[in-house]
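Residues per chain are reported as follows:
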There are 2 protein chains.
Amino acid sequence: MVYLDYAASTPVSEEALHVFQQLSKDCYGNASSLHDAGGRANDILTYSRQSLATILEGEPDGIYFTSGGTESNILAIQSIMNGLPAHKQHVITTSVEHPSVHHALDALHRLGVKVTIIEPNQNGIITEDILKKALLPETGLVSIQHANSETGIIQPLAQLAPLLKERQILFHTDAVQTFGKIRVSIKELGVDAMSISSHKVYAPKGAGAVYMAAHVPWRPLYTGAVQENGLRPGTVNVPCIGAFVAASEQMMLKLDEQHQLDEQLRDYFLQQLKKRQLPVRALQDNNKRRMLPHIIGCFFEGFEGQYVMLACNRYGICISTGSACASGYHHPSPAVKALHVSDRDALQFIRISFGRLSSKDDIDQLLHTFENLQKEKKGA
Amino acid sequence: MVYLDYAASTPVSEEALHVFQQLSKDCYGNASSLHDAGGRANDILTYSRQSLATILEGEPDGIYFTSGGTESNILAIQSIMNGLPAHKQHVITTSVEHPSVHHALDALHRLGVKVTIIEPNQNGIITEDILKKALLPETGLVSIQHANSETGIIQPLAQLAPLLKERQILFHTDAVQTFGKIRVSIKELGVDAMSISSHKVYAPKGAGAVYMAAHVPWRPLYTGAVQENGLRPGTVNVPCIGAFVAASEQMMLKLDEQHQLDEQLRDYFLQQLKKRQLPVRALQDNNKRRMLPHIIGCFFEGFEGQYVMLACNRYGICISTGSACASGYHHPSPAVKALHVSDRDALQFIRISFGRLSSKDDIDQLLHTFENLQKEKKGA
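Residues numbered from 1 in each chain as written. Chains lettered and ligands numbered in written order. Predicted model: local features only at pLDDT ≥ 70, side-chain atom pairs only at ≥ 80, totals over all residues. Heavy atoms only, no water.

### A word on the overall build of chain A
Right, on to step 1. Scanning chain A from N- to C-terminus turns up 13 helices and 12 strands.
Right, on to step 2. Relative to the compact-globule value of 21 Å for 380 residues, chain A shows a C-alpha radius of gyration of 21 Å, a close match.
Right, on to step 3. By residue count, 65% of the 380 residues in chain A fall in the buried class.
Right, on to step 4. Looking at chain A alone, contacts between residues at least 24 apart form 73% of all its contacts between residues at least 6 apart.
Right, on to step 5. For chain A, the exposed surface amounts to about 14100 Å²; the carbon and sulfur share of it is 51%.
Right, on to step 6. Of note, chain A has its 35 positive side-chain charges centred 4 Å away from the centre of its 38 negative side-chain charges. (Helix = DSSP H or I, 4+ residues; strand = E, 2+ residues; numbered from the N terminus. Rg over C-alpha atoms; globule rule 2.2 N^0.38 Å. Buried < 20%, exposed > 50% of the residue type's maximum accessible area, 1.4 Å probe, protein only. Contact = heavy atoms within 4.5 Å. Areas by Shrake-Rupley, 256 points an atom, 1.4 Å probe, with all protein chains shown as cover. Lys, Arg positive; Asp, Glu negative; His and termini not counted. Charge placed at Lys NZ, Arg CZ, Asp CG, Glu CD.)

See below:
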């Protein structure tokens, strides 16, 4: 199998699996228990918080562990809005966020919170102007993804942050797709809150984290919870969190090296598309935007994305038509539509995403399959 | 270390860990992805749903996987109340439930749902009379735990169910402590919904399940989620679910054998308490109630539970003062208070809970430590 869907989920690294296994054996106590079995689990949690805070350039007290990226987005956004005063109950987000952000905002909207959804420009970017126009005196929170899971487009958060800081508006970002892939620093980005997830960084599924700076006045959704400083009730998944943090540390060690490898593979793919005269237009062809190098969104002229994905699958190649969270639902993706493409073009969208185990050979197999698809069509 | 806190969390079995490891390697795809990597993960989910439904004597379509017991309780109760019509917005629960049940009800209460909390009788039992008195024409849901995590007292759910069925009131039970320990059958208990958790049955932390029968008119908290039929958004933790189900299957194979071993250890412990003339009164001394054999709640005369727990810990023995979820908070537990004991007695409560790896030797070490504590006191 050629796996080119790393943005949907990554395989677990040997090292992360080893840590998971060791902690499952040595630290199975409930981290809330006050005896040594609980204490050992709690020590791992303390270490994990410290390590993740160092990686994110934040404070250990700001790290709250969750069960994954979706829960992180939901808890961060709802808890922050829950903590903001009545005159700050307006929240702004974008049309291209992960569904979990919209889940949280739908729930808040039903509770009377005012929600504004802004559209990026035709390059997929939220500019200062776009954001500024949406700001209201009662705006309490803005949530903008760091990069999009389908297009790989990176938002200029550091440029947007000062606009919000000077108005004392809190800034949350969904960094699930960028964490471990490019530099993600709380300080540099200027955000107050962030969501990340374990299974995008070669750790097991089942863990995530919310970062919330000390000045964020969040209030929990469920009162009286004792775990994670009250943010999330339930036994803390220490083995998975330990594996998550071990995997994150590894990502950081290899960050530059992997980034270069990703760029090489991307460039090879783009060159070969042209060389083989394939009717595939990649978003990277338009270089007016910064993108993650390991996510390549493209349009396969004359083929529906769904068809290409399933055809590739017949050839043993896993690619995606966009966010796996919405797969099975055959409608143009908002992130792709936001690039001002027609519905017809948007339905031709496919996403190739690669990672640590990807090779030129994988790309060659994909290109070969694209060529076959074209031949099949011409022959038909 | 002598671990006698299995009710807080169990060690992971070699088999469950092996399954987790295999699935992490072979089925890392996102179960929502439509390619084969996703399909493989989805196949595991389908098998897991089927197997768990067989164990619980329910329908596979009624199984919804979650991240654990706490989330299961919260999602089950909130989603059911969310789906019930306006004239059915009254919910009844007991004072001795797990904190997660109360989290859910607090949230519902703030949304205008009427909540009644009933008290068990002095034997810790919710009788038909007690329940009947709380029923209102607008009662939509009753949630009663199958057994208490601190006292091990089992509620007579099968006797209560007909009262609710004839009034078309839905019945949910938190079976986190009983699942895999005693027979837990949806059919026999007569419940419509149930919560269970992975890390109480020698599986890794990180998975749980909600059962909801086909006739339960639940509505999700977050609209538009595609996973788990909309109940819970977020990438499904297939490796952990697979390990959970493998561990559950194992529990069922060894159910009677383990139950007998638990009873033997319990009886030995109770006999030895008397033989060694220890001032420890176990709830099992009063045999008017059915209890889980592996959970022994006792009162150590003259010692605060917190002190005994920490003293045991110095001797390398892990026991508990009650629910780990509330540990660190030094107040008498509601489940213990419900047994009509004084605050002073309730603070003397300790919980011993054993499992698959427990031995007579563990119990002897505990008893020896109790003797030492007594001697220290007399010597002081």
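Back to the write-up after that little detour.
### Description of the sheet that holds strand β12 (residues 349-353) of chain B
Residue and element names in this part refer to chain B.
Right, on to step 1. Strand order across the open sheet formed by three strands is β9-β10-β12, with antiparallel pairing between neighbours. The open sheet has two free edges, formed respectively by β9 (280-282) and β12, since each of these has just one partner strand. This sheet shows a mean twist of 35° between the axes of neighbouring strands, independent of strand direction.
Right, on to step 2. Direction of pairing for β9 relative to strand β10 (residues 295-300): antiparallel, over a ladder of three bridges. Of the residues in β10, the one forming a bridge with valine 280 is phenylalanine 300.
Right, on to step 3. Contacting β9, β10 and β12, helix α9 (residues 255-275) runs over the sheet at an angle of about 15° to β10. (Pairing = 2+ DSSP bridges. Axes fitted to C-alpha atoms, helices over the stretch in contact; angles between N-to-C directions.)

### What to know about the pattern of salt bridges
If the charged atoms of two oppositely charged side chains come close together, the side chains can form a pair.
Right, on to step 1. Under the defined criterion, the tally for this structure stands at 32 salt bridges over all chains.
Right, on to step 2. Between glutamate 14 of chain B and lysine 25 of chain A there is a salt bridge, with its nearest N and O atoms 3.7 Å apart. You can see glutamate 14 of chain B sitting in helix α1 (residues 14-26) and its partner lysine 25 of chain A sitting in helix α1 (residues 14-26), one on each of two chains.
Right, on to step 3. The exposure class assigned to glutamate 14 of chain B is exposed, which follows from its relative accessible area of 55%. (Salt bridge = Lys/Arg side-chain N within 4 Å of Asp/Glu carboxyl O.)

### Examining the domain arrangement of chain A
Interfaces are often described in size by the accessible area the parts lose on coming together.
All names here are of chain A.
Right, on to step 1. Split by domain assignment, chain A resolves into domain 1 (2-8 + 255-379) and domain 2 (14-253).
Right, on to step 2. Opposite the 29 residues of domain 1 that make contact, domain 2 presents 32 residues.
Right, on to step 3. Summed over both sides, the interface between domain 1 and domain 2 buries roughly 2600 Å², with carbon and sulfur atoms accounting for 55% of that surface.
Right, on to step 4. Its largest share of buried area at the contact with domain 2, domain 1 owes to Leu255, Leu292 and Arg356, together 27% of the area lost on that side.
Right, on to step 5. There are zero salt bridges connecting domain 1 and domain 2.
Right, on to step 6. At the junction of domain 1 and domain 2, the tally comes to 10 residue pairs in polar contact (both at pLDDT 80 or more).
Right, on to step 7. At the level of secondary structure, the elements contributing two or more residues to the side of domain 1 that touches domain 2 comprise α9 (255-275), β10 (295-300), α11 (334-337) and β12 (349-353). (Domains from an automatic or database assignment. Buried area = accessible area lost by both parts, 1.4 Å probe. Polar contact = N/O pair within 3.5 Å; in protein donor to acceptor, adjacent residues only side chain to side chain.)

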